[in-house]
Amino acid sequence: MLMQDGLKVAHSADDEPTDKEAVYLRLLTLIERLHRQLLDVIKNELERVGQTDINAVQALLLYNIGDAELTAGELRSRGHYLGSNVSYNLKKLVEAGYISHQRSDSDRRSVRVSLTEAGLDVRGKIADLFDRHLASVEKVGDVSAMMMERTNISLERLERFWADQIRYQL
């Protein structure tokens, strides 16, 4: 039995964890919990700067749109949001003046969205938050760039695996 990131993991002769189910279920729990925690961090930042008219999901949506002009479908296809979730939040952000929208000239059913000045302001606040995190994550959180890169690789592989499960009905 070896300790790996604080978890007891039995290893076989080829050094692969033998209790894959526990490790996989822990990973699933952490992914879900980290996303909720990120939203809480964003919510706290919005409250700290007095931006109480939008929620954390909406602020993250503004951040992810950035300088681009996108359709709701493009946001969904990039994997950021679910269909009804993105449509609802885009509608609320348009009503609040954070996003402008206009029908596509080539496809009248398609609506392209971009950030207004107010939307860019919120995006800047979230970018500043992430910059502060980046400046201290290694010193305070003991998370190096190499650790983040290895985690990114693992999560991208897991994302591809899950996408293939859906695409090919495995």
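Residues numbered from 1 in each chain as written. Predicted model: local features only at pLDDT ≥ 70, side-chain atom pairs only at ≥ 80, totals over all residues. Heavy atoms only, no water.

J.: What is the right way to read the overall build of the protein from this model?
T.: A count of helices and strands for the protein gives six helices and five strands. Reading the secondary structure of the protein in the N-to-C direction produces β-β-α-α-β-α-α-β-β-α-α. Going through the 170 residues of the protein one by one, you find that 24% of them count as buried. At a minimum sequence separation of 6, the contacts of the protein that also span at least 24 residues come to 47%. Total accessible area on the protein is roughly 12000 Å²; 52% of this is exposed by carbon and sulfur atoms. (Helix = DSSP H or I, 4+ residues; strand = E, 2+ residues; numbered from the N terminus. Buried < 20%, exposed > 50% of the residue type's maximum accessible area, 1.4 Å probe, protein only. Contact = heavy atoms within 4.5 Å. Areas by Shrake-Rupley, 256 points an atom, 1.4 Å probe, with all protein chains shown as cover.)

J.: Would you explain the nonpolar core in this entry?
T.: General note: in soluble globular proteins, nonpolar side chains tend to be found buried as a group. In terms of nonpolar packing, the biggest core is built from 24 residues, with Ile 42, Ile 54, Leu 62, Ile 65, Leu 90 and Ile 99 touching the most fellow members. Put simply, the parts of the chain that give this core at least two residues each are helix H1 (20–48), helix H2 (56–65), helix H3 (72–77), helix H4 (83–95), strand S5 (111–115) and helix H5 (117–136). No other element matches the six residues that H2 contributes to this core. Apart from the residues within four sequence positions on either side, Ile 54 is in contact with Leu 46, Ala 59, Leu 62, Leu 93, Tyr 98 and Val 122. (Core = buried A, V, L, I, M, F, W, Y, C linked by side-chain atoms within 4.5 Å.)

J.: Would you explain a nonpolar patch on the surface in this entry?
T.: Residues Tyr 24, Leu 25, Leu 27, Ile 31, Leu 155, Phe 161 and Trp 162 make up a contiguous nonpolar surface patch of roughly 570 Å² in combined accessible area. Elements represented by at least two residues in the nonpolar patch include exactly H1 and helix H6 (145–167). For the nonpolar patch, the element with the highest residue contribution is H1, accounting for four residues. Among the structural elements, Trp 162 can be located in helix H6. (Patch = residues over 30% accessible without salt bridge, like charges linked within 9 Å, V, L, I, M, F, W, Y side chains within 5 Å. Salt bridge = Lys/Arg side-chain N within 4 Å of Asp/Glu carboxyl O.)

J.: Even after reading the chapter, I still don't get the pairing of S5, so can you show me in this structure?
T.: A regular strand places its side chains so that they alternate between the two faces of the sheet. Examined bridge by bridge, strand S3 (residues 70–71) and S5 share two bridges and lie antiparallel to one another. Bridge pairing in S5 links Thr 71 to Arg 112. Looking at chain direction, strand S4 (residues 99–103) and S5 are connected through five bridges and run antiparallel. Opposite His 101, over in S5, you have Val 113 as the bridge partner. (Pairing = 2+ DSSP bridges.)

J.: It is not clear to me how the sheet that holds S3 should be interpreted in this structure. Could you clarify?
T.: Strand-to-strand pairing in sheets goes through backbone hydrogen bonds, with the strands running parallel or antiparallel. Strand order across the open sheet formed by three strands is S3-S5-S4, with antiparallel pairing between neighbours. Here the strands that pair on one side only, and so sit at the sheet edges, are S3 and S4. Taken strand by strand, H2 contacts S3, S4 and S5, and its axis lies near 95° from that of S5. (Axes fitted to C-alpha atoms, helices over the stretch in contact; angles between N-to-C directions.)

J.: It is not clear to me how H2 should be interpreted in this structure. Could you clarify?
T.: For the α-helix, the turn length of 3.6 residues means that residues three or four positions removed from each other point alike. Burial analysis of H2 places seven of its 10 residues in the buried class, which makes it a mostly covered element. The N-cap of H2, judged by a side-chain oxygen 3.1 Å from the amide nitrogen of Val 57 a few residues on, is Asn 55. Backbone geometry just downstream of H2 places Gly 66 in the positive-phi region, at approximately 60°. (Polar contact = N/O pair within 3.5 Å; in protein donor to acceptor, adjacent residues only side chain to side chain.)

J.: Explain the packing of aromatic side chains here, please?
T.: Each aromatic ring pair is characterised by the separation of its centres together with the angle its planes make. Overall, the coordinates contain one aromatic pair when judged by the stated rule. Ring centres of Tyr 63 and Phe 130 lie 5.0 Å apart, and the angle between their planes is 85°; on these two criteria the pair is classed as edge-to-face. Taken together, the residues span a long stretch of sequence, with Tyr 63 in helix H2 and Phe 130 in helix H5 at a distance of 67 residues. The ring of Tyr 63 has Arg 123 lying over it, and the distance from NZ or CZ to the ring centre is 4.6 Å. (Phe/Tyr/Trp six-rings, centres within 6.5 Å; stacked < 30°, edge-to-face > 60°. Lys NZ or Arg CZ within 6 Å of the ring centre and 35° of its normal.)

J.: For this particular structure, what's the right way to read H1?
T.: Between its first and last C-alpha atoms H1 spans 41 Å; for 29 residues at 1.5 Å apiece the expected length is 42 Å, and the two agree. Those residues of H1 lying buried are Leu 39, Ile 42, Glu 45 and Leu 46. Structurally, H1 contributes buried residues whose contacts are with H2 and H5. Directly beyond the C-terminal end of H1, a positive phi value near 80° is found at Gly 50. (Expected span 1.5 Å × (residues − 1).)

Geometric descriptors of this kind do not, in isolation, establish any biological role.
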